[in-house]
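# Structural description and commentary
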Amino acid sequence: MAADLLYEIGIEEIPADMVLPALEQLEQALGQGLSRLRLEHGEITTYGTPRRLAIVVEGVDERQDDRVEEVKGPPAQAAFDGDGNATQAALGFAQSRGVEVSELEVRSTDKGEFVFAQVSQPGKAAAEVLPGLLREATEGLTFRKTMRWGDLDLRFARPIRWLVALLAGEVLDLEVAGVHAGRVTRGHRIIGSSAPEISSPDEYLSLLETNGVIADHRRRGEVIVAQAAELAAAQGHRLRINPDVLAEVNFLVECPLCIMGSFSPDYLKLPEEVVVTVLQGHQKALAVEDEAGNLVPNFIAVTNADPAAAETVREGWERVIVPRLDDARFYYEHDMRKPLRTRREELRDVTFLANLGSLYDKTQRLVEVVGWLAEHIADIPEQDAQIARQAAELAKCDQVTMMVSDGKLGEALQGIIGGYYACASGEPEEVAQAIAEQFRPQQPGDLIPVSPGGRLLSLADKIDQLVACFRLGKIPKGSADPYALRRQAAGIIEITVQSGYRFSLSGLIGRALQLLPQPEGAEGVLAVPEVAQRLKDFFGERLQAVWEQRGIDYDIGRAVLSTVWDDIADATARAELLAELRKSQPEVFNELVTAAERPARITRPAQIPEMAEVEATLFEHSTERQLADEFAAARQEIDVLLSGEAPDYGQAAEVMRGLLPTVHQYFEDVMVMVEDDVLRHNRLALLRSLDQLFLRLADFLEIVPSGE
Amino acid sequence: MNFQELIKTLDEYWADQGCHISQPYDVEVGAGTMTPDTFLRALGPEPWRVAYVQPSRRPTDGRYGENPYRMQRYFQYQVIMKPSPDDIQDVYLGSLVALGINLSQHDIRFVEDDWEAPTLAAAGVGWEVWLDGMEITQFTYFQQVGGLPCQPVPVELTYGPERLAMYVQGVDDYRALDWSDQIKYGEIRYEEERQFSSYNFDTADTEMLWQLFGMYEHETHACLEADLPLAAYDYVLKCSHAFNLLDARRALSVTERGAMILRIRKMACQVAERYVARREELGFPLLADPGAD
């Protein structure tokens, strides 16, 4: 017999971004817990709203299977006397396991003969074991931030106020945080009954729906988009979709009611980003645009109200949005009175990171780093370098404007608003664009800066942030990354790879570190060489992560990063080539691996004198000469292929693979590890050169053969 | 409902919930949280239920009386319940109904907004409550106050009575609020906003404020030495107000600003510790059964 399980944790409004991670954890904990409890089950589905985390498991076995367990007892010698009669030891063991002495079996093991009992464990009812699992799963949930309430010690995202735990129609005997589970849930705060009773799990969704709650967040999200799109379309407009805002508002309401409000078109004279940030940032309202993609003076609020209240609610929202737009306009007009450039002096008074000087100092470093990049990356026109240097000087001036000082607006608008102010202050358009783009990309999938000046500035800003934090010992650990350093490193990688910029990473790190002031009086400061090393390792980890997102296997990443690498674009080109080769021409890939493997395996552990040069006169086999000749030709060809700004790793790999037949033949014909030191060293020297040639592409010993 | 009726209604409502109705504290504070009735009483194991209006001074928020929403001195309606009751959200919503707000005609939301006061080494978890998108109440479960963990946990409700009254009366400018049926908010307070904005931003003697800060700080330590944490706390509040005025005068560099916050925080933590020790010496008199804890 199987029954459906419903578990609902009723909570005070949980922050929107915490719901989905909690549901995932619940699903995992119950799935694993049920199999541990030997309870078969059907599909698991989770539902979340601001006030409830719910899970339904279909077809849970009502009873565990009976199980027979073999338990080892005392040694046979101790259990039975010479006449084969049971001793006290055997009697005690049998009794403690609830079996008759006659049922004990003697069997031999590695350690001699022992007594065994077959103990039958009758399966328990699901109703008996589920409460423990549910409590464990609940108390085991982790959140990015937790709290205590009342006089309890338990920590949770928000206070737990009710629990529903039903197996079929029966309430499970469960208590968490002083709350007893029952069958009474809560409806929508305003709409519907306050305490509806659920008779069985299958009516969960429908009962809540009649009480004003769409518990299924997937459906709720669709309802929001459909309502909002319809409201916009009714005006001949369309919704400006922002997935982040939509995901957030979905978990701020239980019963969505979208409402369209309007504001004076005057506010559209503000930069578009400002208007959108005001709407989305604080009020979490959606922006509306016309067919050409221009903002219109409307917004859509996703509310939790009864449709009958729509008109009052709309008026209320307009009365909130308009003063906020007004604040932004006040900031904008106030900020515009002063040319952006004149604010640079004020940056002297703004601390960058404690003990590392002011923001003014930082802009000076940015100018230098941008210069270094322009000098070391090929083909950066002097004009772009000039723009980047000018932009670097002004990059942080917007930090002391009113707009950016306003916490919520500032976070979203920094850089972008600096670009507008620069433009309005008569700075060249390209400089303004570079300033506006300096924080791109913000997250995975974001666009990198479009302008070369923006790219250089963004690289400089990020590497300065990284060296500064690492120097102060603020290195990300586990999930703690308060300065978003992983994102900064990933941003550097994206810009570098997508732009095809070639430069020495350790050179860049070194230059940025050199510019950093001596941190005075700070604790946990790391020495410069250690920072350089750890930052390089950090980039290695980030490269692996970025590559994995691009579908490059972990072992290929390892193979590339195990070689001497110092150029992000170059390392990425090698990793991409190998990944592509493995995917589209697996035989070719395997041949390449095979060709590289044997020389590597034999030479790396071997002792070879430092200066051992290959001496052709010592060759005994024709294959030796043949391999030496082919190697020399291959190396020459590869030197040419890999020189210059656009190394052709594809062709180089082909040349390397071409060595395979001769490498094979060589190991057939030649005994490498001979007694004679001179001969052996000569052979190893040739193979080592070969290994080094392959290492210019990757360390193929890191490759995990498929099927393993 | 005029402004004074609104406050009277809240007083009656929270008195019915077992709160004693206190009166404003007579030292300048930036927020109701800073008054001894909240900051100090949140500490330690003793239960506490109180509600009161607290005038709050935020010199930098002044707009010479001209901004319809912003003032350098305004009111907070403060409710503290320790330990936090299980049905506190419903009880809170009941207070809105008491104010004549028909909940079924509005969009009420609890939107995540955790609160932190660096100068008080205090932090809490909670929401801002939205009425049709407008923030009307800060709702916080205190987790830490004066550097000490709160156990049991107090809940703090801070209403913005001007905002609420503007909503209830349907006006868009604080000056137009009916304080009573006879007189408007602006008629009583506009000139005060104008003068104090001018004083805070343009006139206050920064040299004097620096000196006062130092003297108040000195006195805080003297009071602590004399084992008078309540008196010491008054001087912490005076330091805080002197700091706020210096801030409004833009007399602080960023570094100085951070350093001063740290100095106030340190004093607040010392007072908190000393206050709890003193209550313990008194045997936590408000505990129903002090021995049981």
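Residues numbered from 1 in each chain as written. Chains lettered and ligands numbered in written order. Predicted model: local features only at pLDDT ≥ 70, side-chain atom pairs only at ≥ 80, totals over all residues. Heavy atoms only, no water.

### So, empty space enclosed by the protein
Space left empty within the atom packing is revealed by a probe, the size of a water molecule, rolled over the atoms. One pass over the structure, following the stated rule, counts three cavities of 30 Å³ or more. Looking at the largest cavity, its volume works out to about 80 Å³. Lining the largest cavity we find A:E13, A:P50, A:R51, A:R189, A:L252, A:E254, A:N304, B:I108, B:R109 and B:F110. Its residues assigned to classes, the lining of the largest cavity shows four nonpolar, one polar and five charged. Counting contributing residues per domain, the lining of the largest cavity is built from domain 1 (2-64 + 125-210) and domain 3 (217-335) of chain A, each supplying no fewer than three. (1 Å grid on protein atoms, 1.4 Å probe; cavity = no way out; pocket = protein on both sides within 12 Å on 5 of 7 lines; lining within 4 Å. Points joined across faces, edges and corners; volume = space filled by probe spheres on them. Nonpolar A, V, L, I, M, F, W, Y, C, P; charged D, E, K, R; others polar. Domains from an automatic or database assignment.)

### Here's the deal with the interface of chain B and chain A
With 44 residues of chain B at the contact, the number on the chain A side is 45 residues. Between chain B and chain A, a total of about 3500 Å² is buried, with carbon and sulfur atoms accounting for 47% of that surface. At the boundary of chain B and chain A, one finds six salt bridges. Across the pair A:K145 and B:D114 runs a salt bridge, and its minimum N-O distance is 3.0 Å. Counting across the chain B and chain A interface gives 21 residue pairs in polar contact (both at pLDDT 80 or more). Here the side of chain B that touches chain A is composed, by residue class, of 22 nonpolar, twelve polar and ten charged. (Contact = heavy atoms within 4.5 Å. Buried area = accessible area lost by both parts, 1.4 Å probe. Salt bridge = Lys/Arg side-chain N within 4 Å of Asp/Glu carboxyl O. Polar contact = N/O pair within 3.5 Å; in protein donor to acceptor, adjacent residues only side chain to side chain.)

### Some thoughts on the state of the cysteines
All names here are of chain B. What the rule picks out here adds up to zero disulfides over all chains. C269 supplies the cysteine sulfur nearest to C150, a cysteine that is in no disulfide, at a spacing of 12 Å. On the basis of relative accessibility, which here comes to 1%, the residue C150 falls in the buried class. Looking at C223, it has no disulfide partner, and the nearest cysteine sulfur is the one in C239, 11 Å off. (Disulfide = S-S within 2.5 Å. Buried < 20%, exposed > 50% of the residue type's maximum accessible area, 1.4 Å probe, protein only.)

### Describing the packing of aromatic side chains
Enumeration according to the criterion identifies 30 aromatic pairs over all chains in this entry. Note on B:F39 and B:Y233: the rings are 4.9 Å apart at their centroids and 0 degrees apart in plane angle, and the pair reads as stacked. Here B:Y233 lies in helix α7 (residues 229-248) and B:F39 lies in helix α2 (residues 36-39), a separation of 194 residues in the sequence. For B:F39, a relative accessible area of 2% corresponds to the buried category. Residue B:Y233 is classed as buried on the basis of its relative accessible area of 0%. Ring pairs connect the aromatic residues B:Y77, B:Y92, B:F110, B:W127, B:F139, B:Y141 and B:Y159, which therefore count as one cluster. A cation sits over an aromatic face here: A:R348 above A:Y360, 3.8 Å from the ring centre. (Phe/Tyr/Trp six-rings, centres within 6.5 Å; stacked < 30°, edge-to-face > 60°. Helix = DSSP H or I, 4+ residues; strand = E, 2+ residues; numbered from the N terminus. Lys NZ or Arg CZ within 6 Å of the ring centre and 35° of its normal.)

### So, the nonpolar core
For soluble globular proteins, nonpolar side chains are generally found buried alongside one another. Membership of the largest hydrophobic core comes to 150 residues, with the highest contact counts inside it found for A:I463, A:L466, A:F539 and A:F700. Per element, the largest residue contribution to this core is ten residues, and it comes from helix α16 (residues 452-471) of chain A. Residues in contact with A:I463, not counting those within four places in the same chain, are A:V369, A:I492, A:L508, A:I509, A:A512 and A:F539. B:L10, B:F110, B:Y141 and B:L177 belong to the second largest nonpolar core, which has 92 residues in total. (Core = buried A, V, L, I, M, F, W, Y, C linked by side-chain atoms within 4.5 Å.)

### What about the domain arrangement of chain A?
Frequently, the measure chosen for interface size is the accessible area that the parts lose on association. Along its sequence, chain A is carved into domain 1 (2-64 + 125-210), domain 2 (67-121), domain 3 (217-335), domain 4 (351-527) and domain 5 (586-702). The distance between the C-alpha centroids of domain 4 of chain A and domain 5 of chain A comes to 44 Å.

### Brief notes about the pairing of strand β7 (residues 160-167) of chain A
Side-chain positions along a regular strand alternate between the two faces of the sheet. All names here are of chain A. Among the eight residues in β7, eight count as buried, and that is most of the element. Bridge analysis of strand β1 (residues 2-11) against β7 gives seven bridges, and the strand direction is antiparallel. The partner of E8 across the bridge, within β7, is V164. Looking at chain direction, β7 and strand β10 (residues 179-182) are connected through two bridges and run parallel. Across the sheet, V164 pairs through a bridge with G182, a residue of β10. One ladder, built from two bridges, connects β7 with strand β8 (residues 170-171); its direction is antiparallel. Bridging from a neighbouring strand, L166 pairs with V171 of β8. The turn linking β7 back onto β8 is made up of two residues, and A168 within it adopts a positive phi angle of 55 degrees. (Pairing = 2+ DSSP bridges.)

### What to know about the sheet that holds strand β4 (residues 67-75) of chain A
Residue and element names in this part refer to chain A. Spatially, β4-β6-β5 is the arrangement adopted by the three strands of the open sheet, whose pairing is antiparallel. The sheet is open, and its two borders are formed by β4 and β5 (105-109), each paired with just one other strand. Geometrically, the sheet is characterised by an average inter-axis angle of 40 degrees between neighbouring strands, direction not taken into account. Where β5 meets strand β6 (residues 112-121), five bridges bridge the pair, whose relative direction is antiparallel. (Axes fitted to C-alpha atoms, helices over the stretch in contact; angles between N-to-C directions.)

### Some points on the pattern of salt bridges
Residues and elements named next belong to chain A. Tallied over the full model, the rule gives 69 salt bridges over all chains. Residue E289 is joined to R240 by a salt bridge in which the shortest nitrogen-to-oxygen separation is 2.7 Å. Pair noted here: E289 is in strand β13 (residues 286-289) and R240 is in the loop between β11 (238-239) and α7 (243-250), with a separation of 49 residues, a long-range link. R240 shares its class with E289; the two are buried. Through salt bridges with shared partners, a single network forms among K362, R365, K396, D461 and D464.

### Comments concerning unusual backbone geometry
Between A:R440 and the following residue, A:P441, the backbone shows a cis peptide bond with an omega angle of -10 degrees. Tracing the sequence through the fold places A:P441 in the loop between α15 (429-436) and α16. Of note, A:A168 is a non-glycine position whose phi angle comes to about 55 degrees, a positive value. As for its placement among the helices and strands, A:A168 is situated in the loop between β7 and β8. For A:A168, a relative accessible area of 28% translates into the label partly exposed. Notably, B:D227 is not glycine yet its phi reads approximately 60 degrees, a positive angle. One can find B:D227 in the loop between α6 (206-225) and α7.

### Comments concerning the packing of helix α23 (residues 622-642) of chain A against helix α26 (residues 677-694) of chain A
Residues and elements named next belong to chain A. One can describe the packing of α23 onto α26 by two numbers: an axis separation of 11 Å at closest approach and a directional angle of 30 degrees. Looking at the two axes, α23 sits roughly parallel to α26. Like other packed secondary-structure pairs, α23 and α26 cross with a definite hand, here left-handed. Counting all contacts with α23, which are made through E624, L627, A628, F631, A634, R635 and I638, the residues of α26 involved are R683, L686, L687, S689, L690 and L693. Its residues placed into classes, the contact of α23 with α26 shows nine nonpolar, one polar and three charged. (Parallel < 35°, antiparallel > 145°, perpendicular 65-115°, else oblique. Left-handed = near helix turned anticlockwise from the far one by under 90°.)

### Regarding the sheet that holds β13(A)
If you trace the four strands from one edge of the open sheet to the other, you get β11-β13-β14-β12 (chain A), paired in antiparallel fashion. The open sheet is flanked by β11 and β12 (257-262) of chain A, the only strands paired with a single partner.

### Examining the environment of A:Q64
Residue and element names in this part refer to chain A. One can find Q64 in the loop between β3 (52-61) and β4. Here Q64 falls in the buried class, since its relative accessible area comes to 10%. Each C-alpha atom, one on Q64 and one on D17, is 37 Å from the other, the two residues being 47 residues apart in sequence. When neighbours within four sequence positions are excluded, Q64 is seen to be in contact with L37, R38, L39, G123, K124 and V129. Among the polar contacts listed, one links the side chain of Q64 to the backbone oxygen of L37, at a separation of 2.8 Å.

### Concerning the environment of A:H217
Residues and elements named next belong to chain A. Within the secondary structure layout, H217 lies in helix α6 (residues 217-234). Here H217 falls in the buried class, since its relative accessible area comes to 8%. Residues H217 and E254 lie 37 residues apart in sequence; the distance between their C-alpha atoms is 8.8 Å. The residues contacting H217, other than those within four sequence positions of it, are L20, L23, T46, Y47, G48, N250 and F251.

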